[in-house]
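Letter by letter, the chains look like this.
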Amino acid sequence: MNDGRHTRSGLNLLLFGLLCLTASVSLLSGDLHSFGLPSAQKPVLRNLILFEIRLPRLLLAMLIGFTLGLAGAVLQGLLRNPLAEPGIIGVSGGAALGAVIVIYFNLAGLGSLFLPLGGILGATLSMALLYLLAGRGRGNLYTLILAGIAINTLSAALTALALNLAPSPFALSEILFWLMGSVANRSMQHVWLITPFVIIGCTALFLCARGLDALTLGEQAAASLGIHVKRLKLVVILGAGLAVGASVSVAGAIGFVGLIVPHLMRRHVGHRPGALLLPSALAGATLLVFADLLVRLLPTGVELKLGVMTALFGAPFFIYLVLTRKADTVAGR
Amino acid sequence: MKNVNNVYDIKNLQLSRDGRQVLTQVSLQLAEGRLTGLIGPNSAGKSSLLEAMFGFLPADSGEIHLLQKPLAHWQRTLLARTVAYLPQQHTAHWPVSVYDYVALGRIPHLRFGQAPGPQDKQRIDQAIEETGIRTLSDRAVTQLSGGELCRVAIARTLAVDARIMLVDEPIAGLDPHHQIAVMQLLQQQARNGKAVMTVMHDLGLASRFCDRLWLLDQGRIVCSGTPAEVLTPQNLRQVYRISCRELHAGGTRITIPWECSNE
């Protein structure tokens, strides 16, 4: 907290620079000209590619990466567990189910926003269910985790049911591909749709920084420092629910970003949960933009899905974490 | 007699926990400038009383006044600045540095979004100095021994710079050196004018260091007063079912638990 403050603002600046760099590379990578069109149409085409195709994709990757990195750091801080991730409260599962139902009943054809709206509805319902299951009691964290698992299981079961009863092979493959997570073929409409949710949700999460720092000492000691622990939990759940729910609604479930990024950043902020939030958010955005760039540029024939890419990197990292995890909690006397 | 200021005034406090009554008709006053020991057998209600004094546990009936104001009327942050509370478990969920850990004690003083200023840093440094943990300040709290962690936790409590300190069993599980060091530290805080209350089990250290003792048994205050008034053979037999020996050293009467009584 003493001289660390300067290093931490330096870190944030560095991460922001890295994000800008990755974003510029992503925007400009790939062909803009060689479509064999008359030269008069080239600027029009270039603008079309830049602003109608690449920009929404880039902005979504940034917003979603930012959200996942931030929500991961906040939930790990709240649950005081480095293996927590944004999906743990069940909201991603609910959002995915909502979108799957839209595809299943073929409502997506009615308008491009039906799919994300279905996702947001699913996220909202799962948050309501989470509140019913875990909100009333004494705010016990185990109840919260169990409720999250229950909601995830229920969503997974219903999603599997939708796959099982899929009306056509086409719907089946559409659902499967959607579940893999991607920001390809999205428009600025999608960006505008989730931006308010992401802004409100992320603001709520940033407000929790000091409370999360205090929770390092455990709930009772945090309360003795004037932190309203119950309210803190509620704000985290609402904030993460809004921002993550909206993200999953447009892009499907993109795993591991919210798990890994806080880990990569934690030692650079002296392990303080509150100081971890902004670096995690910025690094999450950078990572997802970079992963999406790889997805676009890798010559794989069929384009890889973004969620597949993050899982391919993330799962081995997760195994590494489990293997090397030391006891990093003490409860001495 | 020296004029003392009472910071806590507890009247007929009645408290239950999970449907079980844990405190019955407790009436007490906590004075400034004194180290007060709260003693009693296991599950006598000591920690519950401490938690009630911070407002963690709502009372069934009775009153707790803090600085002449009902506890329930205290604003959360103001209470956190006035009373520093150290729970029994000195938890550290992340391997933050000792300095950052102690700095958490300044949270009640920081306004929303405000960074710690020079005054906060001075108070943090002072707490680190007073507890003699300067050499540890760059270490991760998760790497400390039990005795070191206890001193760091007390430093975190001192950094709050509160008038009142409520400490729950700080010396349990520590070696004699650290036990005495912690008791001296608490005594020093009381000498500096704070009201310090600590839950403890060691009757020898209680009689050696505490200015006042509260003896709690089955949720009731059996006796309160100076160690000599409280640690009588009759009280100890009745409450702990033990007999004691006494040792006079340095002008203090030290109580040594000796054997279990047969009654």
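Residues numbered from 1 in each chain as written. Chains lettered and ligands numbered in written order. Predicted model: local features only at pLDDT ≥ 70, side-chain atom pairs only at ≥ 80, totals over all residues. Heavy atoms only, no water.

1. Let's talk about the overall build of chain B
Then, number 1: Per the secondary structure count, chain B includes 9 helices and 13 strands.
Then, number 2: Computed over the C-alpha atoms, the radius of gyration of chain B is 19 Å, within 12% of the 18 Å expected from 2.2 N^0.38 for a compact globule of 263 residues.
Then, number 3: Taken across its 263 residues, chain B has 56% of its residues classed as buried.
Then, number 4: Of the roughly 11,700 Å² of accessible surface on chain B, 45% is carried by carbon and sulfur atoms. (Helix = DSSP H or I, 4+ residues; strand = E, 2+ residues; numbered from the N terminus. Rg over C-alpha atoms; globule rule 2.2 N^0.38 Å. Buried < 20%, exposed > 50% of the residue type's maximum accessible area, 1.4 Å probe, protein only. Areas by Shrake-Rupley, 256 points an atom, 1.4 Å probe, with all protein chains shown as cover.)

2. Some points on the confidence of the model for chain B
Then, number 1: Chain-level statistics for chain B give a pLDDT mean of 92 and a share of 98% at 70 or above.
Then, number 2: Here strand β7 (residues 90-92) of chain B is the element of chain B with the lowest mean pLDDT, 86, and strand β3 (residues 35-39) of chain B is the one with the highest, 97. (pLDDT = per-residue confidence, 0-100.)

3. Examining the interface of chain A and chain B
In many analyses, interface size is given as the accessible surface area lost on bringing the parts together.
Then, number 1: Taken together, the contacts link 37 residues of chain A with 45 residues of chain B.
Then, number 2: Summed over both partners, the interface of chain A with chain B buries about 3,600 Å², with 60% contributed by carbon and sulfur atoms.
Then, number 3: Joining chain A to chain B, the criterion identifies 0 salt bridges.
Then, number 4: Our count for the chain A to chain B interface comes out at 6 residue pairs in polar contact (both at pLDDT 80 or more).
Then, number 5: Listing elements by their share of the side of chain A that touches chain B, those giving two or more residues are α1 (4-28), α2 (42-79), α8 (209-215), α9 (219-224) and β1 (330-332) of chain A. (Contact = heavy atoms within 4.5 Å. Buried area = accessible area lost by both parts, 1.4 Å probe. Salt bridge = Lys/Arg side-chain N within 4 Å of Asp/Glu carboxyl O. Polar contact = N/O pair within 3.5 Å; in protein donor to acceptor, adjacent residues only side chain to side chain.)

4. So, unusual backbone geometry
Where the residue is not glycine, phi is negative for most of them; where a peptide bond is considered, it is trans in most cases.
Residues and elements named next belong to chain B.
Then, number 1: The phi angle at serine 43 is positive, at roughly 55 degrees, despite the residue not being glycine.
Then, number 2: Within the element layout of this structure, serine 43 appears in the loop between β3 and α1 (46-54).
Then, number 3: Since its relative accessible area comes to 66%, serine 43 is described here as exposed.
Then, number 4: Although it is not a glycine, aspartate 161 sits at a positive phi angle of roughly 60 degrees.

5. Some details on a nonpolar patch on the surface
Residues and elements named next belong to chain A.
Then, number 1: A cluster of nonpolar side chains, contributed by Leu129, Leu132, Leu133, Leu154, Leu158, Leu161 and Leu165, occupies part of the molecular surface with about 610 Å² of accessible area.
Then, number 2: Contributions of two or more residues to the nonpolar patch are made by α4 (114-135) and α5 (141-164).
Then, number 3: Note on placement: leucine 133 falls in helix α4.
Then, number 4: According to the relative accessible area criterion, leucine 133 is partly exposed, its value standing at 46%. (Patch = residues over 30% accessible without salt bridge, like charges linked within 9 Å, V, L, I, M, F, W, Y side chains within 5 Å.)

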